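# Per-entry structural report
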Amino acid sequence: MTVDHPLSKHSGVVKIVEVGARDGLQNETGVVPTTTKIELLEKLSSAGLTHIEAGSFVSPKWVPQMADTPEIMKHLRTKPPFAPAGVTYSYLTPNMKGLKDFISHSTLNTGVSVSEHASEIAIFGSASEGFSQKNINCSIAESLERFRPVAQLALENGIKVRGYVSMIIECPYDGPTSPMKVADVVEGLLDIGCYEVSLGDTNGVGTPGTIGTLVNYLIKDRGIPAEKLAAHFHDTYGQAIVNCLVALEAGIRTFDSSVAGLGGCPYSKGATGNVATEDLVYFLEGTGVKTNVDMTQIVEIGDWISKKLGRKNESKVGTALMARRWGDGSKL
Ligand SMILES: CC(C)(COP(=O)([O-])OP(=O)([O-])OC[C@H]1O[C@@H](n2cnc3c(N)ncnc32)[C@H](O)[C@@H]1OP(=O)([O-])[O-])[C@@H](O)C(=O)NCCC(=O)NCCSC(=O)C[C@@](C)(O)CC(=O)[O-]
């Protein structure tokens, strides 16, 4: 028997962008072996995730943990069984050097053009000046000027471009962020060719009130189509799932998440990881929305990577389902 509930109107399939291997691992202080990162990426794609961030072409002096991104990309590009059809791997590229490195490593030894690869780049700006300076060493205006030729060259090469805007609610350096500023940066990123802009509550301070005010302002007052927005909510204050519900209600259909809630941000002290993929899948499927992610597999991956890194599994759903697992390894 199907019983209607207030959220029954939500149906169809949503897109999940798995950011654990990038947003998650970039914040690990210990060395994470490249083989572990590759194994994580392979496991994630076999669990049904189709959009996976695999690394960053950024300065290794700024983010040492991402220094092996070229090696990871080469592996994913040259080992077809590990880059299944329909899976898009994406990489952060903050400037022209990052994009050129992306293009050269993407085509290296593969014999195919970059546009034949199911990969895309992401450029990442901020709605606060303080974080923009700390994270990418330039002002917001300078960042948009820097991104413009990057996006243009990427698009000329058939590479899709995603945008991020960080600190959408509040910045540890500048205080509260105005929705107008967020809208300006979102529009700036769309204007230079991003097909979608992900709204980063980088330090997870947003609540249904502040997130609701922002997304309604972006969609209703500024006329930004909901399908061009994604929700990228960190779970520092335990608000991420309820904020995802607010985004869903506003019409947003793309959600970023991180297996086992991996992560934080190297330039935002105290920020913890994104909403855990396991928790997001449980919540979305529970409202009647399809994710096409295998719950058993994603829970096992979260358990595996947490043990591998020696860190606490931040997924409540993952922890609960693993606790229910029988000692003989039968189904969750
Ligand atoms: C943007 C820069 C490079 C500017 O950094 P800069 O120091 O201003 O760069 P520069 O152009 O003056 O170059 C300085 C040196 O860096 C090198 N360099 C220059 N560019 C690159 C590159 N692409 N790859 C590798 N090396 C690079 C360049 O070659 C040179 O090397 P040197 O001559 O000193 O040996 C730097 O600030 C940087 O790498 N920042 C990255 C920060 C980062 O990755 N942060 C984490 C991701 S953002 C995030 O997590 C938020 C998000 C997206 O998840 C959403 C949310 O939660 O809100």
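Residues numbered from 1 in each chain as written. Predicted model: local features only at pLDDT ≥ 70, side-chain atom pairs only at ≥ 80, totals over all residues. Heavy atoms only, no water.

As annotated in an unreviewed UniProt entry, the protein chain carries the name hydroxymethylglutaryl-CoA lyase and comes from Choiromyces venosus 120613-1. Under the Pathway (unreviewed entry) heading, UniProt states for the protein chain: "Metabolic intermediate metabolism; (S)-3-hydroxy-3-methylglutaryl-CoA degradation; acetoacetate from (S)-3-hydroxy-3-methylglutaryl-CoA: step 1/1." Under the Catalytic activity (unreviewed entry) heading, UniProt states for the protein chain: "(3S)-3-hydroxy-3-methylglutaryl-CoA = acetoacetate + acetyl-CoA". (UniProt positions renumbered as here; feature names shortened; annotations may be inferred.)

### Regarding the packing of aromatic side chains
Scanning the model with the defined rule gives 3 aromatic pairs in all. Look at Phe57 and Tyr91: their rings are 5.7 Å apart centre to centre, the planes differ by 50 degrees, and that puts the pair in the tilted class. Note that Phe57 is positioned in the loop between β2 (51-56) and α3 (69-78) and Tyr91 in strand β3 (residues 88-92), a separation of 34 residues in sequence. Grouping residues by exposure puts Phe57 and Tyr91 together as buried. In textbook terms, an aromatic cluster arises when at least three aromatic residues are bridged by ring pairs, as seen for Phe57, Tyr91 and Phe102. The ring of Trp304 has Lys43 lying over it, and the distance from NZ or CZ to the ring centre is 4.7 Å. Taking the ring centre of Tyr164 as reference, the NZ or CZ of Arg162 above it sits at 5.4 Å. (Phe/Tyr/Trp six-rings, centres within 6.5 Å; stacked < 30°, edge-to-face > 60°. Helix = DSSP H or I, 4+ residues; strand = E, 2+ residues; numbered from the N terminus. Buried < 20%, exposed > 50% of the residue type's maximum accessible area, 1.4 Å probe, protein only. Lys NZ or Arg CZ within 6 Å of the ring centre and 35° of its normal.)

### Observations regarding the site of the ligand
Neighbouring the ligand are 26 residues, the closest being Asn95, Asn135, Asn137, Ser166 and Thr202. Contacts to the ligand include Asp23, whose side-chain N or O atom sits 3.2 Å from an oxygen atom. Coverage of the ligand by the protein chains reaches 74% of its 1,100 Å² of free accessible surface. Contributing elements (two or more residues each) for the shell around the ligand: α1 (20-24), α4 (96-107), α5 (129-136) and β5 (160-166). (Near = heavy atom within 4 Å. Polar contact = N/O pair within 3.5 Å; in protein donor to acceptor, adjacent residues only side chain to side chain. Areas by Shrake-Rupley, 256 points an atom, 1.4 Å probe, with all protein chains shown as cover.)

### Topic: the packing of helix α11 (residues 295-309) against helix α12 (residues 316-324)
Packed helices, taken two at a time, are described by the angle their axes make and the gap between the axes. Closest axis-to-axis distance for the α11/α12 pair is 9 Å, and the angle between their directions is 100 degrees. What the angle tells us is that α11 and α12 run roughly perpendicular. For the pair α11 and α12, the contacting residues are Met295, Val299 and Asp303 in the first and Val317, Gly318, Leu321 and Met322 in the second. Here the residues of the contact of α11 with α12 are counted per class, giving 5 nonpolar, 1 polar and 1 charged. (Axes fitted to C-alpha atoms, helices over the stretch in contact; angles between N-to-C directions. Parallel < 35°, antiparallel > 145°, perpendicular 65-115°, else oblique. Contact = heavy atoms within 4.5 Å. Nonpolar A, V, L, I, M, F, W, Y, C, P; charged D, E, K, R; others polar.)

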